[in-house]
Amino acid sequence: DKGVLTNDQAKGLRLNNPYEETAKNILSEGEILESSKKYNEAAEKYKQASSMGNVIANRKLAFLFEKLLIPAEHPINMAMMYYRRNLIYKDQISAFNLGVLCTQFRNYYGAARYFYIGLIEV
């Protein structure tokens, strides 16, 4: 797939991210806000961590959009965008979640593709 890193590249990127510690701290702040049901503020923190390459932040943003907890014109498209960002990191959970979203819209070809991506990245 174009734009997808090899397993070694993805692992190196995750392990050598100079922003990871900062991103983890911002992510923690977002989780505190989310637990207080301050979803918009949490989303802003997650967006900051996402911009630093944090996979968990992308998943959390996708979840907030998917469950309609933050406003968006096309929330499912936004959820899919954040899950797709994680494919470069070989994130199996995001690939699986993309497959599930595709089945909700009866896009079985897309679902099979994402489920397959999730399986081969073991």
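In this text, all values refer to a predicted model and were calculated from it rather than measured experimentally. Starting afresh in each chain, residues are numbered from 1 along the sequence in its written order. Per-residue local features of the predicted model are confined to residues with pLDDT of at least 70, and side-chain atom pairs are confined, for both listing and counting, to 80 or more; whole-chain, interface and lining totals are unaffected and use all residues. As a convention, hydrogens and water are excluded, and side-chain values are obtained from all of the structure's heavy atoms.

Q: An account of unusual backbone geometry is requested, with residue identities and associated values reported.
A: Positive phi, normally seen in glycine, also occurs at K90, with a value near 65 degrees. The secondary structure listing takes helices from DSSP runs of H or I that are at least 4 residues long and strands from runs of E that are at least 2 residues long, numbered from the N terminus. Relative to the assigned elements, K90 resides in the loop between α5 (75–85) and α6 (92–104). Within the chain, R106 stands out as a residue other than glycine whose phi angle is a positive 55 degrees. Along the chain, the position of R106 falls in the loop between α6 and α7 (108–120).

Q: Lay out the pattern of salt bridges in plain terms, naming residues and giving numbers.
A: As a working rule, side chains carrying opposite charge can pair if their charged atoms are close by. Within this document, salt bridges are pairs made up of a side-chain nitrogen of Lys or Arg and a carboxyl oxygen of Asp or Glu, the two lying within 4 Å of each other. Under the counting rule described, the total for this entry stands at four salt bridges. Here E29 ties to K45 by a salt bridge, and the two come within 2.8 Å at their closest N and O atoms. On the criterion of sequence distance, the pair formed by E29 in helix α2 (residues 20–35) and K45 in helix α3 (residues 39–51) is long-range, its members being 16 residues apart. Judged by relative accessible area, K45 falls into the partly exposed class, the value being 24%. Under the scheme applied here, a residue whose accessible area is under 20% of the maximum for its type counts as buried, over 50% as exposed, and between as partly exposed, the area being computed with a 1.4 Å probe on protein chains only.

Q: Lay out α5 with the relevant residues and their values.
A: All of the buried residues along α5 are P75, I76, A79, M80, Y82 and Y83. Viewed along the axis of α5, the buried residues span an arc of 165 degrees, placing them on a single side of the element. Its buried side turned inward, α5 meets α3, α4 (55–66) and α6. Arc definition: it is the arc formed by the directions from the helix axis to the C-beta atoms. Between two residues, a contact is recorded if the distance between any of their heavy atoms is within 4.5 Å.

Q: For the packing of α3 against α4, give the residues involved together with the corresponding values.
A: Running from amino to carboxyl end, α3 crosses α4 at an angle of 145 degrees, the nearest separation of the two axes being 8 Å. Between α3 and α4 lies a crossing of left-handed hand. Contacts between α3 and α4 pair Y39, A43, Y46, K47, A49 and S50 from the former with A57, N58, K60, L61 and L64 from the latter. Gly is placed with the polar residues, together with every amino acid not listed as nonpolar (Ala, Val, Leu, Ile, Met, Phe, Trp, Tyr, Cys and Pro) or charged (Asp, Glu, Lys and Arg). Tallied by class, the residues present in the contact of α3 with α4 amount to seven nonpolar, two polar and two charged. Inter-axis angles, ranging from 0 to 180 degrees, are taken between N-to-C directions of lines fitted to C-alpha atoms, where helices are fitted over the stretch in contact. Each crossing gets its hand from how the near helix is turned against the far one by less than a right angle, where anticlockwise is left-handed and clockwise is right-handed.

Q: Which residues make up the packing of aromatic side chains, and what values do they have?
A: Within a pair of aromatic rings, the relevant descriptors are the distance that separates the centres and the angle that separates the planes. When the centres of two rings from Phe, Tyr and Trp lie within 6.5 Å, Trp using its six-membered ring, the rings pair. Their planes under 30 degrees apart give stacked, over 60 give edge-to-face, and anything left gives tilted. Under the criterion given, the structure shown has two aromatic pairs. Between F65 and Y82, the aromatic rings sit 6.0 Å apart at their centres with planes inclined by 5 degrees, giving stacked as the arrangement. On the criterion of sequence distance, the pair formed by F65 in helix α4 and Y82 in helix α5 is long-range, its members being 17 residues apart. Neither F65 nor Y82 differs from the other in exposure class; each is buried.

Q: So what's going on with the packing of α6 against α7? Which residues, and what values?
A: Taken N-terminus to C-terminus, the directions of α6 and α7 make an angle of 165 degrees; their axes are 8 Å apart at the nearest point. Compared by their axis directions, α6 and α7 come out roughly antiparallel. Pair α6 / α7 crosses with left-handed handedness. Across the interface between the two elements, Q92, A95, F96, L98, G99, V100, C102 and T103 from α6 touch Y108, G110, A111, Y114, F115, I117 and G118 from α7. Taken together, the residues that form the contact of α6 with α7 break down as 10 nonpolar, five polar and no charged. Note on terminology: angles under 35 degrees are roughly parallel, angles over 145 are roughly antiparallel, angles of 65 to 115 are roughly perpendicular, and the others are oblique.

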